[in-house]
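So the chains spell out like this:
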Amino acid sequence: MMLVAVAVGSMLATTSWGGQGTLQTAGHSSDQPLEERDAAPTASGSSSPRLFKKIVDTTTFNCIMAGAYQYESPGGAGEADDFGRGALAIQPEVSISPTPADEIFFKLGFGAGSGLNIEKHSFALAPWAADLEDDVKDINGRNRDYLLTAWYRHLFTFGEGHTLGLTGGVIDATDYLDENRYANDEYSQFMNEALVNGPNAFLPSYDIGGALEWEYSIFALKGVIMQIGENDEGDAYHFYGLELNYKLDTPVGEGSYGILLDTTGSDFSEAEGPGKEGLKGAGISFAQSLGDCLGAWIRFRWCDDKAAVDFKNLYSGGFDISGKLWGREQDNIGIGYARLGGGNQDIDRVQVAEAYLRCGLSEIFAVTLDVQVLDDRYKEGTGEDVDGWITGVRLTAEF
């Protein structure tokens, strides 16, 4: 897949340089008759507006801006202090589609503040899984700031409902794997990382790789290969992920069911001993509409524990209630619960319950009221148990 991405890039580069060479030859005045030389500037000038219009017509700009303030109230043996912090995330996107089958995409990320995602935070899980100030600098040890994704995609169409998409560049594995329409977006749905993607799914973001997306009728197969510059231990590693999804229309609504398998190279610390091991995992994800106003979802995830892992198992699920129930389609309520445990490090198990009310203020703005209940338990002699609340408000603009 990486070879495909490189080949595509080479073709684009060859086309670009070839086009420049043609323009230089055509524009060499000593090779043209005088009357043609006089007419050349007029022709060139008339083509510029057409080229500019074509670029504008095939380019789309989007942006998401999200600011949140969260207040943490921990309890337990440690009796940590209550405190609150805010943060702002801005992610502009540019999409260029020179043909219906081709797309060039860029996404930038800017952050102000890190919110509660700091050392003083008492709980094991991040209360807001957004890309904040520290997350968009020196991404994956690449000495790259603010550029999150930059990729080229070509779509092959074989017939109605039968397509194959190939993508190469700087990509995000969560754009293709572990998707769930009710629990997948930290800017408009749940905020805690356990209810956005599985923390033990080890899905990397914002690095070099390739993706395959094959869709046929009600089936979809997605594969991702990435080369990551640095993990938490400072080592580079490879990631491989594959997910099969199945869509089903039922009398109560549409359902989506997925099976995810992924692994990495042997570049992570062994649980016992000085050696290195790879991460390996599997998971299932269901999302089912239950009529016009209700949806339900589950996400189960298991990973191998030969490498050092905080969480071996994840069990999560919840409900989505549409604002249609009270006459406001732009609103919704989300209720979710996750339990993580079984790791070979200090944490015994973690529980998270979260509920949010999202109110659409207009086509652009929405405000979310959020509350999280957390309960962390540590193995004997390794840490102090802690439980408590996190309340927050999030304002989002999408345009």
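Residues numbered from 1 in each chain as written. Predicted model: local features only at pLDDT ≥ 70, side-chain atom pairs only at ≥ 80, totals over all residues. Heavy atoms only, no water.

Engineer: Where do I start with the environment of T167 in this structure?
Structural biologist: Counting through the fold element by element, T167 comes out in strand β6 (residues 162-172). If sequence neighbours within four positions are ignored, T167 has contacts with W151, Y152, R153, Y176, G209, G210, A211 and E213. (Helix = DSSP H or I, 4+ residues; strand = E, 2+ residues; numbered from the N terminus. Contact = heavy atoms within 4.5 Å.)

Engineer: Just checking my understanding: could you explain a negative patch on the surface for this structure?
Structural biologist: On the surface, D138, D145, E230 and D232 cluster together into a patch of negative charge. Topologically, D138 is positioned in the loop between β4 (110-112) and β5 (147-159). (Patch = residues over 30% accessible without salt bridge, like charges linked within 9 Å, V, L, I, M, F, W, Y side chains within 5 Å. Areas by Shrake-Rupley, 256 points an atom, 1.4 Å probe, with all protein chains shown as cover. Salt bridge = Lys/Arg side-chain N within 4 Å of Asp/Glu carboxyl O. Lys, Arg positive; Asp, Glu negative; His and termini not counted. Charge placed at Lys NZ, Arg CZ, Asp CG, Glu CD.)

Engineer: How do you make sense of the packing of aromatic side chains when you look at a structure like this?
Structural biologist: Each aromatic ring pair is specified by the distance between its two centres and by the angle formed by the two planes. By the definition in use, this model includes 13 aromatic pairs. Between F202 and F239 the ring centres are 6.4 Å apart and the planes differ by 80 degrees, which places this aromatic pair in the edge-to-face class. One end of the pair, F202, is in the loop between β6 and β7 (205-216); the other, F239, is in strand β9 (residues 237-250), and 37 residues separate them in sequence. Assessed through its relative accessible area of 0%, F239 is described here as buried. (Phe/Tyr/Trp six-rings, centres within 6.5 Å; stacked < 30°, edge-to-face > 60°. Buried < 20%, exposed > 50% of the residue type's maximum accessible area, 1.4 Å probe, protein only.)

Engineer: Explain a nonpolar patch on the surface here, please?
Structural biologist: A cluster of nonpolar residues, M65, L361, I364, F365, L395 and F399, forms a patch on the protein surface that exposes about 550 Å² of accessible area. In this fold, F399 is placed in the segment after β19 (386-398).

Engineer: Please explain the side chain of S285 as it appears in this structure.
Structural biologist: For S285, the location among the structural elements is in strand β13 (residues 280-289). Here N180 takes part through its side chain, which lies 3.1 Å from a polar atom of the side chain of S285. Ignoring any residue separated from it by four or fewer positions in sequence, one finds S285 in contact with E179, N180, S256, Y257, G258, I298 and R299. (Polar contact = N/O pair within 3.5 Å; in protein donor to acceptor, adjacent residues only side chain to side chain.)

Engineer: It is not clear to me how the pattern of salt bridges should be interpreted in this structure. Could you clarify?
Structural biologist: A side chain with one charge may pair with a side chain of the opposite charge, provided their charged atoms come close. Evaluation of the coordinates by the stated rule reveals 14 salt bridges. We note a salt bridge from E233 to K276, for which the minimum N-O separation is 3.3 Å. Of this pair, E233 sits in the loop between β8 (219-228) and β9 while K276 sits in strand β12 (residues 276-277), and the two are 43 residues apart along the sequence. Between D387 and R377 there is a salt bridge, with the nearest N and O atoms lying 3.9 Å from each other. Residue D387 is found in strand β19, and its partner R377 is found in strand β18 (residues 365-378); the two are separated by 10 residues along the sequence. Taken together, the salt bridges that share partners define one network made up of R349, D375, R377, D385 and D387.

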